[in-house]
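Structural characterization, general
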Amino acid sequence: MAVKKIQKQLFGTNGVRGIAGKEITPELALNIGKALGTMRPGEIAVGRDTRTTGPVLANALKAGLLATGCRVVDCGILPTPALQYIVKEHYDGGAMITASHNPPEYNGVKIIEPDGTEMGDEETIELEELLSKESLPVKLWNEVGTERAELHRVEEYVEGIIKQFPGKPGTGMTVVVDPGSGPACQTTPAILQALGCRVLTINGVMDGTFPGRLPEPSPEGLAGLAALVKASDAAFGVAHDGDADRAVFVDDRGVFVEENHEFALIAQHLCKITKGTIVTPVSTSQLVEQVANKEGCFVQYTPVGSIYVARTMRELIDAGTSVVFGGEGNGGLIFPGHQFCRDGGMTAAAMVALVSASGKRLSTLLNQLPKRYMVKEKLATPHGKVIIEKLEKYYSGEPIDQTDGLKIKRHTSWALIRASGTEPLIRIMIDAPEKETADVFLSEIKKSVLKILDELA
Ligand code: MG
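Here the structure is a predicted model, which is why all the values come from computation and not from measurement.

Reading the values: the criteria
- Residues numbered from 1 in each chain as written.
- Predicted model: local features only at pLDDT ≥ 70, side-chain atom pairs only at ≥ 80, totals over all residues.
- Heavy atoms only, no water.
- Donors = N, O, S within 2.8 Å, 3.2 Å for Na, K, Ca; no water.
- Helix = DSSP H or I, 4+ residues; strand = E, 2+ residues; numbered from the N terminus.
- Buried < 20%, exposed > 50% of the residue type's maximum accessible area, 1.4 Å probe, protein only.
- Arc of directions from axis to C-beta.
- Contact = heavy atoms within 4.5 Å.
- Pairing = 2+ DSSP bridges.
- Axes fitted to C-alpha atoms, helices over the stretch in contact; angles between N-to-C directions.
- Salt bridge = Lys/Arg side-chain N within 4 Å of Asp/Glu carboxyl O.
- Domains from an automatic or database assignment.
- Buried area = accessible area lost by both parts, 1.4 Å probe.
- Polar contact = N/O pair within 3.5 Å; in protein donor to acceptor, adjacent residues only side chain to side chain.
- Nonpolar A, V, L, I, M, F, W, Y, C, P; charged D, E, K, R; others polar.

Observations regarding the coordination of the magnesium ion
Around the magnesium ion, the protein supplies Ser-100 (OG), Asp-241 (OD), Asp-243 (OD) and Asp-245 (OD) as donor atoms, at distances of 2.0 to 2.2 Å. For the magnesium ion, the single-chain donor residues occur in sequence as S-x140-D-x1-D-x1-D. Of this pair, Ser-100 sits in the loop between strand 5 (93-97) and strand 6 (106-112) while Asp-241 sits in the loop between strand 10 (236-240) and strand 11 (247-250); the two residues are 141 residues apart in sequence, bridging distant segments of the chain. Asp-241 matches Ser-100 in its accessibility class, with the two residues each being buried.

Section: helix 14 (residues 384-394)
Restricting attention to buried positions, one finds in helix 14 the residues Gly-384, Ile-387, Ile-388 and Leu-391. For helix 14, the angular spread of buried residues about the axis comes to 95°, placing them on one side. Those residues of helix 14 that are exposed and angled more than 90 degrees off the buried face are Lys-385 and Lys-393. In this fold, the buried residues of helix 14 make contact with strand 18 (406-410), strand 19 (413-419), strand 20 (425-432) and helix 15 (435-456).

Looking at the sheet that holds strand 15 (residues 333-334)
The four strands are arranged 13-12-14-15 in an open sheet whose pairing can be described as mixed. The open sheet has two edge strands, strand 13 (298-302) and strand 15, and neither has a second partner. Bridge count for strand 12 (residues 277-281) against strand 14 (residues 323-327) is three bridges, and the pairing is parallel. Residue pairing in the sheet places Thr-277 in a bridge with Val-323 of strand 14. Helix 9 (residues 259-273) contacts strand 12, strand 14 and strand 15 of the sheet and is inclined by roughly 170° relative to strand 14. Seen against the sheet, helix 10 (residues 286-294) touches strand 12 and strand 13 and runs at an angle of roughly 150° to strand 13.

Regarding the pattern of salt bridges
Evaluation of the coordinates by the stated rule reveals 28 salt bridges. A salt bridge links Asp-178 to Arg-213; its shortest N-O distance comes to 2.9 Å. In this pair, Asp-178 sits in strand 8 (residues 174-178) while Arg-213 sits in the loop between strand 9 (198-201) and helix 8 (223-231), placing the two residues 35 residues apart along the sequence. Arg-213 carries the same exposure label as Asp-178, and that label is buried. The partner of Lys-446 in a salt bridge is Glu-377, and the shortest N-O contact between them spans 2.7 Å. Linking Lys-446 in helix 15 with Glu-377 in strand 16 (residues 373-380), this pair joins segments that are 69 residues apart in sequence. Among the residues examined, Lys-446 registers a relative accessible area of 26% and is labelled partly exposed. Among the charged side chains, a network of salt bridges with common partners joins Glu-43, Arg-71, Arg-148, Glu-150, Arg-153 and Glu-156.

Observations concerning the domain arrangement of the chain
Here the chain is described as being made up of domain 1 (16-153), domain 2 (172-254), domain 3 (259-344 + 353-367) and domain 4 (373-456). Counting from both sides, the interface comprises 15 residues of domain 2 and, opposite them, 14 residues of domain 3. Summing both partners gives a buried area of about 1200 Å² for domain 2 against domain 3, and 53% of it is carried by carbon and sulfur. Of all residues in domain 2, the largest losses of buried area upon contact with domain 3 belong to Asp-245, Arg-246 and Asp-252, amounting jointly to 39% of the total for that side. Inspection of the domain 2/domain 3 interface yields two salt bridges. Put simply, Arg-361 and Asp-252 hold a salt bridge, and the shortest N to O gap is 3.3 Å. Across the contact surface, domain 2 and domain 3 share nine residue pairs in polar contact (both at pLDDT 80 or more). For the side of domain 2 that touches domain 3, the elements supplying multiple residues, two or more each, are strand 10 and strand 11. By residue number, the principal contributor to the side of domain 2 that touches domain 3 is strand 11, which donates four residues. Looking at the side of domain 2 that touches domain 3 residue by residue, the classes come out as eight nonpolar, one polar and six charged.

Okay, here's the thing in C-alpha cells:
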C-alpha cells in the first residue's frame, strides 16, 4: 500500500514534475517509458520543450518504449499542444518531456492519449501501478521497437491553426511575441505572420537556460515584452509558459491582462458567434459567466485541472450539447473546433481575430468588461481536509458548491477553499465585484480557518 501511495503522488493533474537529476531522473524516465510501452503498445510520439535536461530524459524514456516493443516517433522540440495535435492525427499515444511553467532546473513528463488529451485519472493510476512493479518484461532482439524522427510534423500543427482563421485577420496589425526561449519560438510567430500580422519577437531564440525570463509568464517577467509593445505601437503582446499550452497578454498600453479577463474577452467574442456552453473550473472568475450570460450562453463548472475541462467538453458534445469554448483562468484556453487541450498558439491567433473583428484597441475592450476583483492566499496547515469539512458545516446556511473543495456563494461574490493534494496547505480564492468586498470576505474566511485550527490544537 505504501508504495502505491507514493506512486499516486508521482503524477499530479498535469503529469509528473520535479527537479531534474534529483526527483526526475533518467531511471524514472526509463521506467515511465517501459510502463507506457506496456500499457500502450504501438506508435508513440515523444516530444520535449527546450530545457537542458530534455535530451537525457527523452532518450531514457525512448529506451523504455523501445525495450517494450514500441515504434517510437521522435518529434523533437515542440509545444505541448503541437504534440497533442499530431498524436491525435497520427499516433497511438505520446509523451511530452516538459515542466511547463516551472523554473529551469525542473522537468517532467505529460502522457498524451491517442485522442490528443492528457491522460485521465484512472489510466494514470493504471500507469502508476505498472511503474510500481519491480521490473517490467522487455522484448528480445527480434521484438524490440524501432525509432524514427518526424521533426516536420510540427508544421501540421501550425497549419491546423492557420486554417481556423481564413482571410488574414491580422493584416495591418503589429503583435509582439514572447515565447520565453521555449518551443513556441518556432510556432507562434509563424502562425501570426500567416494571419497577416507584422510580428516582432523578444526571447525568440530557443534556449533551455531561459536567459531572458523564467518559464512562468509573470507580469514582472514580461516587462521587456510590455516595453517593446509600447515602443512598436503594437496591438498587443503575447507570451507563453515553458511548453506553450498557455498564452497571456499585455494590452496596447503595455499593461498585463489578468488571465480571467483574457478568458472573458475571448468567451464574449466566441459567444457572439456561437450559442452554447462554456466549460471551466470552479476557480474561474464569475466575470466569464457574466459575459457568457449576457450573450445568451451558459457556464458549466468542473473540478480544477484542464483535463476535467477537456473531458467535460467532450462529454457534453457527445450528449448533443453545443460547447462554445472552455479553459482555465490562467491563460490555458481550449477551442473545441481545433482540439481538446489548452493551446497557447491557438489562443494568440484567437486574440488577433478578436481585436481585428472589434475594430477597437485591446485596452478599450478590456475597459468595457464588467469590473471584477480576485484575491488568492495560501495558508500552511497539514489539516486541509478537516478544515474544509468543518467549514462546510460552518457555512451550511449559505449556498455552497462542492465540485472541488468548498465554494461559498454570497450575493455576487464567492470564496473557494481547497486543500492541496501534494503540499500541507490550503488555498483560498475570493472573487468579488470590488476590492473591498473581496478583502472583507477573505479576512472572514481566514478568521474561520484560524478558529478551526485553534480548536484542533
Ligand atoms: Mg504549460
